[in-house]
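# Descriptive structure summary
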Amino acid sequence: MSDMWQTLERMRGAREGRDITDLFARDPDRAEGFTARFDGMALDYSKTQLDGELRAALIDLAQRAGVAERREEMFAGAPINRTEGRAVLHTALRAPDGVRIETDGADVMPQVRRTRARMAELSEGLRAGTVRGQGGAITDVVNIGIGGSDLGPAMACAALEPYHDGPRCHFVSNVDGAHIHDTLAGLIPETTLVIVASKTFTTVETMTNAATAHAWMAARVADPGAQFVAISSDAGRAAEWGIAPERVFGFADWVGGRYSVWGPIGLSVMIAIGAERFEDFLGGAAAMDAHFREAEPGANMPMMLALTGVWHHQVCGHATRAVLPYDQRLALLPSYLQQLEMESNGKGTAMDGSALTRPAGPVVWGAPGTNGQHAFYQLIHQGRQVVPCEFMIAARGHEAGLEHHHRLLVANCLAQSQALMRGRGMDEARELMRAAGLKGAELEQQAAHRVFTGNRPSVTLAYDRLTPRRLGQIIALYEHRVFVEGVIMGINSFDQWGVELGKEMANALAPAVAGEAVPKGIDGSTAALLQFLRGG
């Protein structure tokens, strides 16, 4: 690790005084040379301070960190999640036919295909109306989960709304009773299917919401369990809820929650868009997997997205990155990527157990354009901290007759990255104020407020249209970006011990919240808040 940090320190010195517009002035073909293309997508990272020499140094860093070797270990089913002793095989869930993938000496693909076929059978039966509720054809599906069991399918369903031709899908995650209450309000139990997504069928928030949904269902139907589906590896617990074995879809421990939308966790997506389009979604991800394994580093989209991330966070010291999809249907993507990136790489311990001396991953946040332009872009353009931005834009939308909306959307997206790079100097600001009729001290004062430092980096992911295949590619692109950054940082991107401590403490406090004795040794602040919230 020390050698890696020393390399990054040397790069840090190379960025001083480097201006992005100067890089374009010196290289008229810079945009082409700093764009990675693949199958209807283009990743433009030319509006960064990287040049050819620095890119080569970052690629060399990735090679010395063993990215290629770890990548092949992952795809081959080796237990690269070392703290839990598990393989990392979400890629197997979308692997093409004919592939054999082994872990612990067994080929996992036959079970993957059987489970997907069962999902398709249920999905197509629901969509055709041959699989019915106790009051007729299923009109609504409620997916109850949390974390990866919610964010992935909720995001994908919203993104692929133009392709919905099945039952309406709803998502409940928060244990706040308002979420389940407001979701079920207006739904008809007899024509509603409830999917409970919890690998162990013990997740407190999920099972609390599931129990409320079960009671809601039981008040109106004779056999509530018949209108439930379990996404769980514990068929016994599911059976206790009256859920038939054929309605239980398990998944292995080599699939982490935030990587699970490709399998049974994606059942709601399959129900919404159909099994054939779900296969397109998987096919897009599988194509990105192949590209990640086969493309040379400089033309490799996941590799270059990761290396620009390392450059911005580890070398330039920028603490956050903003994900800015100019696509309203990707409104949930920033939240999805928050979990994917921050749960994966928000670590303080290296793989060998030593403490990291620097942050491994940035804070990830964002919102769809153009909404963000009228909210937080002020800070992005003129704040003292620099926020690298990741824009996303499609060449075409889905809305016939509203092409003028999409043209305006594209213009705004391109203008924002251009403005971040170019900025506006004091001389130009003075000319603007002079044209407005200002003079003297007032001109100087007003001009100062209109200065933009510029030289602020961004990357842009452009694609033809947001289809199931493209969405699969985008998600897989970011999954592999997280993997590359984690390998370079020397951490395990596939555990999440940081989420456990708060859960343990919540379980310990729950009886006291309900009125029982306050636990011994509780701190003064928590005790006082507990007393206030109990009405004391």
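Shown above is the structure to which this text applies.
Here we summarise the structure given alongside this text. (Residues numbered from 1 in each chain as written. Predicted model: local features only at pLDDT ≥ 70, side-chain atom pairs only at ≥ 80, totals over all residues. Heavy atoms only, no water.)

## Here we look at unusual backbone geometry
Rules: Strands are runs of DSSP state E lasting at least 2 residues, helices are runs of H or I lasting at least 4, and numbering of each runs from the N terminus. Residue burial is assigned from relative accessible area. The probe radius is 1.4 Å, only protein chains are included, and a residue is buried under 20% of its type maximum, exposed over 50%, and partly exposed in between.
That bond from Gly369 to Thr370 is cis: its omega, 10°, falls within 30 degrees of zero. For Thr370, the position within the fold is in the loop between β13 (363-366) and α15 (377-382). The phi angle at Asp39 is positive, at roughly 45°, despite the residue not being glycine. With respect to the helices, strands and loops of the structure, Asp39 is situated in the loop between β1 (35-38) and β2 (41-44). On the basis of relative accessible area, Asp39 is assigned to the partly exposed category, the value being 32%. Unusually for a residue other than glycine, Phe201 sits at a positive phi of about 60°.

## Observations concerning a nonpolar patch on the surface
Under the convention used in this document: Patch membership requires over 30% relative accessible area and the absence of a salt bridge. Like charges are linked within 9 Å, and nonpolar side chains (Val, Leu, Ile, Met, Phe, Trp, Tyr) within 5 Å. Here, Shrake-Rupley sampling with a 1.4 Å probe gives the accessible areas, and only protein chains in the shown set may cover a residue. In what follows, salt bridge is the name for a side-chain nitrogen of Lys or Arg lying within 4 Å of a carboxyl oxygen of Asp or Glu.
Taken together, Leu529, Phe532 and Leu533 make up a surface patch of nonpolar side chains, about 390 Å² in accessible area. With respect to the helices, strands and loops of the structure, Leu529 is situated in helix α21 (residues 524-533).

## Observations regarding the nonpolar core
Note the following rule: Nonpolar cores were defined as sets of buried Ala, Val, Leu, Ile, Met, Phe, Trp, Tyr and Cys residues, with membership established by side-chain atoms within 4.5 Å. By definition, residues are in contact when any of their heavy atoms lie within 4.5 Å.
In this structure, Ile231, Trp254, Leu267, Leu461, Tyr463, Leu471 and Ile488 are the most contacted members of the largest nonpolar core, which totals 108 residues. Examining the composition of this core, we find that 12 residues originate from one element, helix α19 (residues 468-489), more than from any other. Excluding residues that lie within four positions of it along the chain, Ile231 makes contacts with Ile195, Val196, Ala197, Ser198, Lys199, Phe249, Phe251, Pro264, Ile265 and Leu267. Formed by 19 residues, the second largest nonpolar core is a distinct cluster that contains Ile180, Val196, Ala210 and Ala213.

## Considering the pairing of strand β9 (residues 192-197)
The criterion, for reference: Only when DSSP finds a minimum of two bridges between them are two strands counted as paired.
The buried fraction of β9 amounts to six of the six residues, a majority that puts the element mostly inside the structure. Burial along β9 is two-sided: Thr192, Val194 and Val196 facing one way and Leu193, Ile195 and Ala197 facing the other are all buried. The sheet contact formed by strand β7 (residues 140-144) and β9 spans five bridges and is parallel. Along β9, the bridge assignment pairs Val142 with Val194.

## Things to note about helix α14 (residues 333-345)
Think of an α-helix as 3.6 residues a turn; residues three or four steps apart then line up on the same face. Put simply, the rule is: Here the expected length of a helix is defined as 1.5 Å per residue gap, with one fewer gap than residues.
Its 13 residues place the ends of α14 17 Å apart at the C-alpha level, agreeing with the 18 Å of an ideal helix rising 1.5 Å per residue. Restricting attention to buried positions, one finds in α14 the residues Leu333, Pro334, Tyr336, Leu337, Gln339, Leu340, Glu341, Ser344 and Asn345. Where α14 is buried, its residues meet α7 (148-159), β12 (320-325), β13, β14 (389-394) and α19.

## Notes on the side chain of Gln227
Selection rule: Whenever a nitrogen or oxygen atom comes within 3.5 Å of another N or O atom, the pair is scored as a polar contact, on the condition that within protein one atom can donate a hydrogen and the other can accept it, and that pairs from neighbouring residues in sequence are kept only if both atoms are in side chains.
Positionally, Gln227 belongs in the loop between α9 (204-218) and β10 (228-231). Polar side-chain contacts of Gln227 include one of 3.5 Å to the backbone oxygen of Glu190. Aside from chain neighbours lying at most four places away, what touches Gln227 is Gly133, Gln134, Ile138, Pro189, Glu190, Thr191, Thr192, Leu193, Val194, Met217 and Val221.

## Topic: helix α4 (residues 52-65)
The condition is simple: Comment: arc refers to directions from the helix axis out to C-beta atoms.
Taking 1.5 Å as the rise per residue, α4 with 14 residues should run 20 Å; its terminal C-alpha atoms sit 20 Å apart, in good agreement. When α4 is considered as a whole, its buried residues turn out to be Leu54, Arg55, Leu58, Ile59, Leu61 and Ala62. Around the axis of α4, the buried residues are gathered within 155° of arc, so they sit on the same side. Residues of α4 that are exposed and point more than 90 degrees away from the buried face comprise Glu53 and Gln63.

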